[in-house]
Each structure stands twice: as C-alpha cells, then as structure tokens.
Amino acid sequence: MEDRAPEADQGNILEFRLPDLGEGLADAELVSWSVGVGDTVQLNQTIADVETAKAVVSLPSPFSGTVIELLAQPGETVAVGAPLIRVRNDLAVAQEGANGRTSVLVGYGPEDETVSRRRRRVAEPTAPQESSAAEPVESGTARIAATPGARKLAKELGIDLWYVAGSGPEGAVTVEDVRGAVPVSQPRAAATRTDGPATPPTPSVTDPNAGIIRPATREERTPIRGIRKRTAAAMVASARTIPQASTFVTIDFTASMELLDHLRTTKSFEGLTLTPLALVAKSVLAALTEYPGINACWDEANQQIVTKHYVNLGIAVATERGLLVPNLKEAQALSLRDLCREIGWLAETARSGSATPTDLRGGTFTITNVGVFGVDAGVPLVDPGEAAILCLGSIRKRPWVFRDELAIRWVTTIGISFDHRMIDGELAARFLATVAGLLEDPLTLLGRM
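Report follows, based on the coordinates.

What about the side chain of Ser-394?
Here is step 1: Looking at where Ser-394 falls in the secondary structure, it is placed in the loop between strand 19 (388-392) and strand 20 (396-402).
Here is step 2: Separated by 2.7 Å, the side chains of Ser-394 and Asp-376 make a polar contact.
Here is step 3: Setting aside chain neighbours within four positions, we find Ser-394 in contact with Gly-371, Gly-374, Val-375, Asp-376, Val-411, Thr-412 and Thr-413.

Okay, here's the thing in structure tokens:
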C-alpha cells in the first residue's frame, strides 16, 4: 500500500517544484520535511529545508491544501525545477502567478527551465527486486534490511548481518557494507522473529569476550553531501584552476596586544568582544586600499582581471556542519568598532546555521584564523572568485630581539596564498609587509578607525 493520500481530481492537484534560489546553482539537497502526507498546509507555511551554497533555506508553500505526495527524500539532491511535493487544493484555488507558473520564493527570482527527473515517494514500500531492493533479513530477534546481493555475500563470507552497519536507503545493508564488515568469532543463535526493536544478543556467560563491544565495520562510509559536497567542489575548482603561491612573515604583535588591552577598557568597546582578528581585518582593509590588485578576480570567459573597489571581507568560520565563509559587505567602510561587532555577529550567524545565501556569496577577499586551534601557520586555498586569502596563526609569547636585546614578546605569523595569474610575488610580498607593518605599529591605524 502506497504512502500517499487517496486519488483526487487531477485538476485540483498542485505540484511544487524546487525554485531557483538565486545562487546560480543547478540543484540543492533536501535536508528535512516539515510536513507529511495527509497534513494540511497553509499558504507560505514552511514545508521543507534545503541546503545550497552552504546555507540552509526554508521553503514556504506557494499554495494551501492537503499533502498527498512527497517526491524526494531527505539527503537527496534535487535539481532546480524538479518536483518536490504534490498538494490537493481542496478549494481548487491555486496560488499561482499571473503568468500561470508556480510561485517561487520571494527574493530568489523565477525558476529556470524545468529539469526532468524521476519522482520518488517518501516511505513508499517497493516490491522485492533481485537487483538492489532491500529485503528484511532475520537475525536474532530483529529483521535486518539488506539488498539481495548483500545477503548472498554475507552468507558466503559467514558474516552475521546484525553486526553490519547499513549505508543504503533507510539503513539497508549493501554489498560494500558487507565487504567492509568484520566477521565475528561466534555468530548469533537463531531466534524467533518479532516486530520489536532490534536488540543485540546476550553473550554467553562462558564467553571470555562477554561484554566486549566489537566494531561493526573496519571502515565507515559517509555520504558526501551538504556543506562537505559544496566545500569539496570549491576546493577542487581552486586546486585545478588557480595556480597558487604563498608567502609568510613572522611579526612582533606586542604593540597590537597592548592596544587591544587598552581599547577593551574604553567606553567605545564596552559590551563588545575585541579580538586580534578584528585588528588584523582592519589592517588588511587598509592595505587593500594601497594594493587594490589584491582585491580582484580572474574572468576566464572574457580574459579580464576584474579589480573591485569595494571589499566584501570573508571570515572563515568552523561550524558543526563544516566550513562556512560568510562575508561582511562593504567592509572598507567599517570602523574597528564596527568590525568587532560585525565579525562576532557573522560568526554566530554561521555557527547557528542561520546564515543566508546573501551572507555567503560575493566575497572579494578572505581571512582565516588557524591560530584559534593553536596552529602557528597554514597554507589555505584561494576561494574561487577571489585573488587571495590571508591566514593568521597563533599569537604566543616567545623570545624576540627587541631594541637589540632579547625579550619575551607577543609573536605571530601571517601568510597569504594568492592567484599567481594576476598577482606577482612582489605584489603579494609588499601587501603582506604592509599588513605586518600596521600590526607591529597599530597606532598608524588610528586615523582609519
């Protein structure tokens, strides 16, 4: 029996297709459904969350009615224009645009041409097929879902499927799962099948290994999706299309630390978390005004170097979902106090998962801070669409020659990776030296704050 509502007049059935989210991407990953078959939805009610360009976007329903079919599963990549959900409009009034096309998200633009794809239903049982359909396998007191090929291979290898973690649809065990499984020394005794929850077998009291938990597999396979998939695509594009070089400089950061300590006690920075990253960002923005060639991008199609006289400053943020690089729009106009506030807000937005596609696109220059992880330096890859990225290392007290005497000073290393097609080593070195000079003598920044 299908997991769908009873058939209705097809003239009253409305189909919502994945709209163009305005990012120039061809697809998005379905993260979760907010509704199920049989639910009543209202106009603009959130029906699902999708992830694209490293942002999770909530999709509102463009019409009201009763859900009769879900056409994609969480974790599935859906093409722009592909159907997501079917709704029966009980009042036979579709909320469509004047041109007769289905409404799309406000602010995300019209949908592109429809991309055909096979529809899939959520939780729809399938008839057993010898090729790949998962079938329940009796083991112990539970039924284990597995493909016929996996069952056959497990039988040949003498592997109990109870101990194999499935990576297929709805946790079904696949052939690859079986190949990576660890055979256990003592298989479980057969037991009567029940519909209750799966429970591990009780080890024999004479078993010397009783109580020892054996890993189900020697390998773990994680589907590449969401942020990891987007990051991988960007990094592959960076490595393949951008000839990159890097340069570093180690600097005395003591004067900057003293300035930060002083500013934290002033009324202007009251209630703000003033960090070295904000001062580094201010120094970078000052240096970019002197070396605008660093704030550029390579236009391969038109064979042009595009120099940008505005700075959308990207700040790399490590989140539970992966690396995100939201950016501060028109950062060149921000004071140190503004940068302090905006960087904190941007990082919190990214970590909470509420960053929008607008926050994540359009960057012109990026800063990454590996120092927060206790790392002295790094060689980051340039984000496609930009010309360079600056890396801030850890700030530590170290022996340093100061005024011809050995002293303990705050020391750090900054480095820059750059696109060698449009930035020569000299330009990159001069830019980095300028940033270093501003951080060693931050009072020169006062006129820019």
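Here the narrative resumes, following the displayed structure.
Section: the packing of helix 5 (residues 276-290) against helix 8 (residues 425-440)
Here is step 1: At a minimum axis separation of 9 Å, helix 5 and helix 8 run at an interaxial angle of 135°. One finds that helix 5 runs oblique with respect to helix 8. For the element pair helix 5 and helix 8, the recorded crossing hand is right-handed. In this structure, helix 5 uses Leu-279, Val-280, Ser-283, Val-284, Ala-286, Ala-287, Leu-288 and Glu-290 to contact helix 8, whose residues at the interface are Phe-431, Thr-434, Val-435, Leu-438 and Leu-439.
Here is step 2: Looking at the contact of helix 5 with helix 8 residue by residue, the class counts come to 10 nonpolar, 2 polar and 1 charged.

Looking at helix 3 (residues 226-241)
An α-helix turns once per 3.6 residues; consequently, residues spaced three or four apart project the same way.
Here is step 1: Over its 16 residues, helix 3 runs 23 Å from end to end, which matches the ideal 22 Å to within 8%, given 1.5 Å per residue.
Here is step 2: Within helix 3, burial applies to Gly-226, Ile-227, Arg-230, Thr-231, Ala-234 and Ser-238. Across the axial projection of helix 3, the buried residues extend over an arc of 125°, all falling on one side. Residues of helix 3 that are exposed and angled more than 90 degrees away from the buried face: Ala-239 and Arg-240.
Here is step 3: Of the surrounding elements, those touching the buried residues of helix 3 are strand 2 (27-33), strand 4 (46-52), strand 11 (244-252) and strand 16 (322-324).

Side note on the nonpolar core
Across soluble globular proteins, nonpolar side chains show a tendency to be buried alongside one another.
Here is step 1: Counting 60 residues, the largest nonpolar core has Val-284, Leu-313, Phe-365, Ile-367, Leu-390 and Phe-431 as its most contacted members.
Here is step 2: Here this core gets 10 residues from one element, more than from any other, and that element is helix 5.
Here is step 3: Each residue touching Leu-313, except ones within four places of it in the same chain, is listed here: Ala-281, Leu-285, Pro-326, Asn-327, Leu-328, Ala-331, Phe-365 and Ile-367.
Here is step 4: Counting 25 residues, the second-largest nonpolar core is a separate cluster that includes Trp-33, Ala-48, Leu-70 and Val-78.

Structural notes on the packing of aromatic side chains
Here is step 1: Using the criterion set out here, one finds 1 aromatic pair in the structure.
Here is step 2: Cation over ring: Arg-409 sits above Phe-402, and NZ or CZ is 3.7 Å from the ring centre.

Quick word on the environment of Ile-251
Here is step 1: Turning to its location among the elements, Ile-251 is positioned in strand 11.
Here is step 2: Taking relative accessible area as the criterion, Ile-251 reaches 1% and is therefore assigned buried.
Here is step 3: Taking the C-alpha atoms as reference points, Ile-251 and Glu-440, separated by 189 residues in sequence, lie 6.8 Å from one another.
Here is step 4: Setting aside residues up to four positions removed in sequence, Ile-251 forms contacts with Trp-400, Trp-410, Val-411, Thr-412, Ala-436, Leu-439 and Glu-440.

Observations regarding the pattern of salt bridges
Here is step 1: Inspection of every chain in the model, using the stated rule, returns 12 salt bridges.
Here is step 2: Ionic pairing is found between Arg-321 and Glu-51, a salt bridge with its closest N-O pair at 2.6 Å. One end of the pair, Arg-321, is in the loop between strand 15 (317-319) and strand 16; the other, Glu-51, is in strand 4, with 270 residues separating them in the sequence.
Here is step 3: Assessed through its relative accessible area of 33%, Arg-321 is described here as partly exposed.
Here is step 4: The exposure class of Glu-51 is buried, given its relative accessible area of 8%.
Here is step 5: Note that Arg-341 and Asp-338 form a salt bridge whose closest N and O atoms lie 3.0 Å from each other. Here Arg-341 and its partner Asp-338 are both found in helix 6 (residues 336-351), 3 residues apart, which amounts to about one turn of the helix.
Here is step 6: It is possible to trace a salt-bridge network through shared partners that takes in Glu-300, Asp-419 and Arg-421.

Reading the values: rules and limits
Residues numbered from 1 in each chain as written. Predicted model: local features only at pLDDT ≥ 70, side-chain atom pairs only at ≥ 80, totals over all residues. Heavy atoms only, no water. Helix = DSSP H or I, 4+ residues; strand = E, 2+ residues; numbered from the N terminus. Polar contact = N/O pair within 3.5 Å; in protein donor to acceptor, adjacent residues only side chain to side chain. Contact = heavy atoms within 4.5 Å. Axes fitted to C-alpha atoms, helices over the stretch in contact; angles between N-to-C directions. Parallel < 35°, antiparallel > 145°, perpendicular 65-115°, else oblique. Left-handed = near helix turned anticlockwise from the far one by under 90°. Nonpolar A, V, L, I, M, F, W, Y, C, P; charged D, E, K, R; others polar. Expected span 1.5 Å × (residues − 1). Buried < 20%, exposed > 50% of the residue type's maximum accessible area, 1.4 Å probe, protein only. Arc of directions from axis to C-beta. Core = buried A, V, L, I, M, F, W, Y, C linked by side-chain atoms within 4.5 Å. Phe/Tyr/Trp six-rings, centres within 6.5 Å; stacked < 30°, edge-to-face > 60°. Lys NZ or Arg CZ within 6 Å of the ring centre and 35° of its normal. Salt bridge = Lys/Arg side-chain N within 4 Å of Asp/Glu carboxyl O.

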